[in-house]
Amino acid sequence: MTSSPPSPSASRPARPGPASSRTTPPPGAPAPAPSGEGAAVMLASLAGFDGCFGCGSEAESGLRIRHTGVEDGVVTCEFTVRREHQGAPGLCHGGVLATAMDEALGGAAWLLGNRYVTGRLETDYLAPVPVGSDVHVRAWCTGLDGRKAYLEGEARVGGPDGPVAVRAAGVFIEVPQEHFVPES
Ligand SMILES: CCCCCCCCCCCCCCCC(=O)SCCNC(=O)CCNC(=O)[C@H](O)C(C)(C)COP(=O)(O)OP(=O)(O)OC[C@H]1O[C@@H](n2cnc3c(N)ncnc32)[C@H](O)[C@@H]1OP(=O)(O)O
């Protein structure tokens, strides 16, 4: 794990994010980059668990989000909006999109190499997302302060360079393995 933030690049926009004062890290907080190393450690710890509502292959009613990689400190994932994800007719439900942002920000936190749960999640909805759309989500860490990891992300429609439909910012809290309940 590095202790300096990943440098801005085409895949990590250098724009003001969606964060409020409650999802902005304190000044000087380091922003380590989620890494392939962190991914390996965390994927090993999750081996055999496929029940996640966001990304689990065994979660029948879940979003089936596909994690697609980690590059330049940014984690990426995608999913396809199905009919059962509708809110208003023909359009993806905002809660479904919030779930996708939670999954992406959570993934970016876990790939720092520790276990995290969502403490706070803020979402800005910028454009409607039609049923049938492929939604591409990216997330990155903006700061680490003790057990708190600050994350931001965005969802684009139709491709990684499509229009931004959702922006999110959140605070995730590090927890021990004992926080979780064995599957029943
Ligand atoms: C190739 C790619 C592979 C990818 C590979 C993917 C890997 C895999 C991905 C998994 C992705 C999962 C993504 C879904 C993630 C969920 O959906 S998690 C489920 C939803 N969240 C929850 O259930 C959390 C419920 N809340 C709790 O359990 C407890 O309140 C918490 C959050 C553990 C905190 O309780 P606590 O441990 O007693 O801690 P506490 O002392 O109260 O607070 C610790 C610090 O956090 C702060 N804090 C606590 N709550 C909050 C809050 N709500 N807001 C802000 N700060 C807070 C406190 O102020 C305190 O700060 P400091 O005083 O240290 O400065």
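The structure contained in this document is the topic of the report that follows. The model shown is predicted, which means the values in this text are computed figures rather than measured ones. (Residues numbered from 1 in each chain as written. Predicted model: local features only at pLDDT ≥ 70, side-chain atom pairs only at ≥ 80, totals over all residues. Heavy atoms only, no water.)

**A look at the sheet that holds strand β3 (residues 116-125)**
In step 1: Reading across from one edge, β1-β2-β4-β5-β6-β3 is the order of the six strands in this open sheet, with antiparallel pairing throughout. The sheet is open, and its two borders are formed by β1 (66-71) and β3, each paired with just one other strand. Here the average twist between neighbouring strands, direction ignored, is 20°.
In step 2: Examined bridge by bridge, strand β2 (residues 74-80) and strand β4 (residues 134-145) share six bridges and lie antiparallel to one another. Residue pairing for β4: V75 is matched across the bridge by A139.
In step 3: On top of the sheet, helix α2 (residues 94-110) reaches β1, β2, β3, β4, β5 (148-157) and β6 (164-174); it is set at about 135° to β3, its chief contact. (Pairing = 2+ DSSP bridges. Helix = DSSP H or I, 4+ residues; strand = E, 2+ residues; numbered from the N terminus. Axes fitted to C-alpha atoms, helices over the stretch in contact; angles between N-to-C directions. Contact = heavy atoms within 4.5 Å.)

**Remarks on the environment of G62**
In step 1: In this fold, G62 is placed in the loop between α1 (36-45) and β1.
In step 2: Each C-alpha atom of the pair G62 and E154 lies 20 Å from the other, and the pair is 92 residues apart in sequence.
In step 3: Residues in contact with G62, not counting those within four places in the same chain, are F53, R82 and H85.

**Focus: the site of the ligand**
In step 1: Around the ligand there are 16 residues in total, and T118, G119, R147, K148 and H179 lie nearest to it.
In step 2: One of the backbone nitrogen or oxygen atoms of T118 is found 3.1 Å away from a nitrogen atom of the ligand.
In step 3: Within the contact set of the ligand, a nitrogen atom lies 2.8 Å away from a backbone nitrogen or oxygen of G119.
In step 4: Contact with the protein chains hides 55% of the accessible area of the ligand, taken as 1400 Å² for the molecule alone.
In step 5: Secondary-structure elements contributing two or more residues to the shell around the ligand are α2 and β3.
In step 6: For the shell around the ligand, a count of residues per class yields five nonpolar, six polar and five charged. (Near = heavy atom within 4 Å. Polar contact = N/O pair within 3.5 Å; in protein donor to acceptor, adjacent residues only side chain to side chain. Areas by Shrake-Rupley, 256 points an atom, 1.4 Å probe, with all protein chains shown as cover. Nonpolar A, V, L, I, M, F, W, Y, C, P; charged D, E, K, R; others polar.)

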